[in-house]
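# Notes for the structure review
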Amino acid sequence: MKNQLSFPLLNQQGAFATLNTPPNAKLFSAENRALVRTMRQAGFVTRFRAIRSQIFDFLNVTSFDEVRSLINNRKRRLELNRRCFTLLGNMFGIEGSEREIIATLGGYSRTADGVIRYLKAKVMASYASHIEMTNEIDAISSPVDLLLIIFDERYHKKARFEAKRKLILMGLAGSIDQRERETGIEQKFYDFLNFLNEKVWSQRSKIGELEVAYLHSQHDAEDFSCQEVRVVSPQEARGIERQPGQKLTLIKRRRFQAAGREIPIYVSIRKKPPEAKVLKLLRKGEENPAVAVDDELGLMAVLDSVADVKLFLSHLTQSAMRADSFMSLEEISDTLTGGRHRGGSIGSSALTPMFKFFARMGGMRVEFIMHSNKTYLNYIYQRDISHDEYEIKRIFDSGVAEMLFPQDIYDLDMIDIKARQLRQCRRQIEES
């Protein structure tokens with residue numbers, strides 16, 4: 001798979017696999033001769049030399065024997081940590097004092113840990129105890145200490161793999177943070193919210209004022225697609241006795257003015273957290289966030305009908321003009337009234353109904369996903385289409401689950417786990 005080619009250090013079937021014992025420091029050992037053969041067969045000799053040079057430069061040594069000598073040299077490790085904090089701060093363009101650089105790098109460590117905790121809490125929740133991190137690795141945030149663990153024979157194979165995995169995830173987190181600072185994503189997110197509040201939403205409502213409503217829906221017994229839906233008030237919802245195949249879904253709606261009336265709209269605005277961006281890089285098999293993460297800012301809107309969706313689109317482009325910016329709509333995909341979605345995301349269904357596009361305006365590029373009430377309910381409930389199922393499928397189908405939790409270390413059959421998690425997901429959707 002592409003991600004294993006892009007992240008060969010995490011591929012337990014490849015030349016950089018973590019073995020039962022650390023790499024042998026003897027140049028002409030049987031293990032190293034076998035390693036060289038494997039490297040040549042996989043075409044990784046140049047990459048191996050580059051990685052070896054990076055390790056030596058980072059630790060200020062000239063051989064693997066010297067690397068091993070650092071493991072029990074506390075004074076030298078402290079000096080190395082201070083040196084490497086400076087090196088990494090300059091590499092990622094982190095400005096500030098040594099303490100501020102250390103704090104930022106600590107944030108990368110928390111993001112790396114957050115990737116594993118996210119999978120423990122959601123996609124692989126039933127197997128949380130199986131994939132739990134080794135305590136020592138969880139507690140360490142120093143890149144130097146993590147790197148030395150890889151060569152420390154006192155540590156178990158699982159701990160050494162997790163140290164390597166954490167270093168790689170920290171590197172991706174650093175690249176994402178650097179890009180966010182370069183592109184000013186925080187300010188753009190703030191500007192986007194201001195644009196919505198000042199130009200898009202009804203000025204008759206206060207900022208943040210939401211109107212509570214429920215979608216009362218009937219779903220098909222075969223695929224749990226939405227057959228009928230009506231909007232009900234909270235008072236009416238309390239009196240509804242739900243029957244099999246029925247759902248009562250809370251939505252909190254804003255309003256916008258168009259065609260001489262105020263139209264209700266449920267809106268979910270998101271800025272991808274760093275953990276989600278790291279996972280996306282892994283799924284896409286890309287190390288560069290500028291290439292793989294194109295949907296940092298996003299808005300999902302749900303309206304009562306397809307006609308209201310079209311009204312909102314027109315209102316949106318006119319609102320941009322009132323903000324003195326032309327709005328360009330890019331990568332438009334409309335399957336609200338039929339057809340197949342042409343998204344290339346691993347694990348997604350071509351049958352997912354939505355109106356999707358990117359809007360370029362005011363120096364921003366924002367992803368919009370728009371639904372009618374009916375297609376929104378299909379998006380969260382329909383079999384093989386629901387977003388919760390998609391979350392599971394894309395982690396397994398992309399190979400990320402196997403890459404982060406290889407079978408020879410965690411003793412997990414990802415094909416079986418995917419099927420189990422999907423069945424559990426369906427039960428939760430249909431029976432809750």
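First, a word on scope: everything that follows refers to the structure included in this document.

The rules behind the values
- Residues numbered from 1 in each chain as written.
- Predicted model: local features only at pLDDT ≥ 70, side-chain atom pairs only at ≥ 80, totals over all residues.
- Heavy atoms only, no water.
- Core = buried A, V, L, I, M, F, W, Y, C linked by side-chain atoms within 4.5 Å.
- Buried < 20%, exposed > 50% of the residue type's maximum accessible area, 1.4 Å probe, protein only.
- Contact = heavy atoms within 4.5 Å.
- Axes fitted to C-alpha atoms, helices over the stretch in contact; angles between N-to-C directions.
- Helix = DSSP H or I, 4+ residues; strand = E, 2+ residues; numbered from the N terminus.
- Parallel < 35°, antiparallel > 145°, perpendicular 65-115°, else oblique.
- Left-handed = near helix turned anticlockwise from the far one by under 90°.
- Nonpolar A, V, L, I, M, F, W, Y, C, P; charged D, E, K, R; others polar.
- Pairing = 2+ DSSP bridges.
- Polar contact = N/O pair within 3.5 Å; in protein donor to acceptor, adjacent residues only side chain to side chain.
- Salt bridge = Lys/Arg side-chain N within 4 Å of Asp/Glu carboxyl O.
- Phe/Tyr/Trp six-rings, centres within 6.5 Å; stacked < 30°, edge-to-face > 60°.
- Lys NZ or Arg CZ within 6 Å of the ring centre and 35° of its normal.

Moving on, we get to the nonpolar core. Counting residues in each nonpolar core, the largest one holds 86 residues, and the members touching the most others are Leu59, Met124, Leu282, Tyr376, Leu404 and Phe405. If we skip the residues at most four places from it in the chain, Leu59 touches Val67, Leu70, Arg76, Leu80, Arg83, Val144, Leu147 and Leu148. Counting residues in each nonpolar core, the second largest holds 31 residues, with Phe256, Leu299, Leu336 and Phe368 among its members.

The next point concerns the packing of helix α6 (residues 98-121) against helix α10 (residues 157-183). Look at α6 against α10: their axes get within 8 Å of each other, and the N-to-C directions meet at 120 degrees. Judged on the interaxial angle alone, α10 and α6 are oblique. Handedness of the crossing formed by α6 with α10: right-handed. Where α6 approaches α10, its residues Thr104, Leu105, Tyr108, Ser109, Thr111, Ala112, Asp113, Val115 and Ile116 are matched on the opposing element by Arg165, Lys166, Leu169, Met170, Ala173, Gly174, Asp177 and Arg181. A breakdown of the residues in the contact of α6 with α10 according to their chemical character gives eight nonpolar, four polar and five charged.

For the rest of this paragraph, the subject is the pairing of strand β8 (residues 364-372). The element β8 is extensively covered by neighbouring structure, given that eight of its nine residues are classed as buried. Sheet analysis places strand β5 (residues 297-303) next to β8, joined by seven bridges and oriented parallel. In the sheet register, Leu297 faces β8, and the bridge partner there is Val366. In this sheet, β8 lies alongside strand β7 (residues 355-361) in antiparallel orientation, the contact comprising seven bridges. Looking at β8, one finds that Phe355 is bridged to Met370. Here β7 folds back onto β8 in antiparallel fashion, the turn holding two residues, of which Gly362 has a positive phi close to 50 degrees.

This part covers the sheet that holds β8. Strand order in the open sheet made by the eight strands is β2-β1-β3-β4-β5-β8-β7-β6, with mixed pairing throughout. Two strands close off the open sheet at either side, each with one partner strand: β2 (226-232) and β6 (328-334). Put simply, the sheet's adjacent strands are angled 35 degrees from each other on average, direction ignored. Bridge count for strand β4 (residues 261-271) against β5 is six bridges, and the pairing is antiparallel. Counted as the bridge partner of Val267 is Ala301 from β5. The sheet contacts of helix α15 (residues 306-322) involve β3 (246-258), β4, β5, β6, β7 and β8, and relative to β8 the element is tilted by about 160 degrees.

Moving on, we get to unusual backbone geometry. Most peptide bonds are trans, and most residues other than glycine sit at a negative phi. Positive phi is not limited to glycine here, since Asn60 has a value of about 60 degrees. In this structure, Asn60 sits in the loop between α3 (45-59) and α4 (64-70). If you check the backbone angles, Glu331 has positive phi at about 50 degrees while not being a glycine. The topology assignment puts Glu331 in strand β6.

Further remarks concern the environment of Asn11. The residue Asn11 is located in the loop between α1 (2-6) and α2 (30-42) in this model. Look at Asn11 and you get buried, because its relative accessible area is 14%. Each C-alpha atom, one on Asn11 and one on Val115, is 18 Å from the other, the two residues being 104 residues apart in sequence. Within the local environment of Asn11, its side chain forms a polar contact with the backbone nitrogen of Gln13, the two atoms lying 3.0 Å apart.

Take the pattern of salt bridges next. Applying the stated criterion across every chain, the model contains 30 salt bridges. A salt bridge links Arg365 to Glu330, with the nearest nitrogen and oxygen atoms 2.9 Å apart. In this pair, Arg365 is assigned in strand β8 and Glu330 in strand β6, connecting sequence segments 35 residues apart. For Glu330, a relative accessible area of 19% gives the class buried. Ionic pairing is found between Arg383 and Glu430, a salt bridge with its closest N-O pair at 2.6 Å.

In this section: the side chain of Arg77. Mapped onto the fold, Arg77 is located in helix α5 (residues 74-91). Once you skip the residues sitting within four places of it in the chain, Arg77 turns out to touch Leu70, Ile71, Asp145 and Leu148.

For Ile385, the location among the structural elements is in the loop between α16 (373-381) and α17 (387-397). On a C-alpha basis, the gap between Ile385 and Asp223 in space is 9.5 Å, while along the polypeptide they are 162 residues apart.

Across the seven residues of β5, seven count as buried, placing the element largely inside the fold. Taking every second residue as pointing to the same face, both faces of β5 are buried, with Leu297, Leu299, Ala301 and Leu303 on one and Gly298, Met300 and Val302 on the other.

With that settled, consider the packing of α5 against α6. Their axes nearest at 10 Å, the elements α5 and α6 cross at an angle of 75 degrees. With respect to α6, the element α5 is oriented roughly perpendicular. Contacts between α5 and α6 involve Arg82, Phe85, Leu88 and Gly89 on the former and, on the latter, Glu98, Ile101, Ile102 and Leu105. For the contact of α5 with α6, the class distribution of residues is five nonpolar, one polar and two charged.

Turning to α17, a few remarks are in order. With eight of its 11 residues buried, α17 lies for the most part within the structure. Within α17, burial applies to Glu389, Tyr390, Glu391, Ile392, Lys393, Arg394, Ile395 and Phe396. Residues of α17 that are buried sit in contact with α6, α13 (274-284), α18 (400-404) and α20 (414-431). At the exit of α17 stands Gly399, carrying a positive phi of roughly 90 degrees.

Right, let's talk about the packing of aromatic side chains for a bit. Enumeration according to the criterion identifies 12 aromatic pairs in this entry. Aromatic pair Phe357 and Phe368: ring centres 5.2 Å apart, planes at 5 degrees, arrangement stacked. With a gap of 11 residues between them, Phe357 in strand β7 and Phe368 in strand β8 connect regions that are remote in the sequence. Phe368 matches Phe357 in its accessibility class, with the two residues each being buried. Taken together, a centroid distance of 5.5 Å and an interplanar angle of 90 degrees make the contact between Phe405 and Tyr410 edge-to-face. Each member of the pair, Phe405 as well as Tyr410, is classed as buried. Clustering of aromatic rings is evident, with ring pairs tying together Phe192, Phe355, Phe357 and Phe368. For the cation-ring pair, Lys310 lies above Phe355, with the distance from its terminal atom to the ring centre recorded as 4.8 Å. Between the NZ or CZ atom of Arg365 and the centre of the ring of Phe358, over which it lies, the distance is 4.0 Å.

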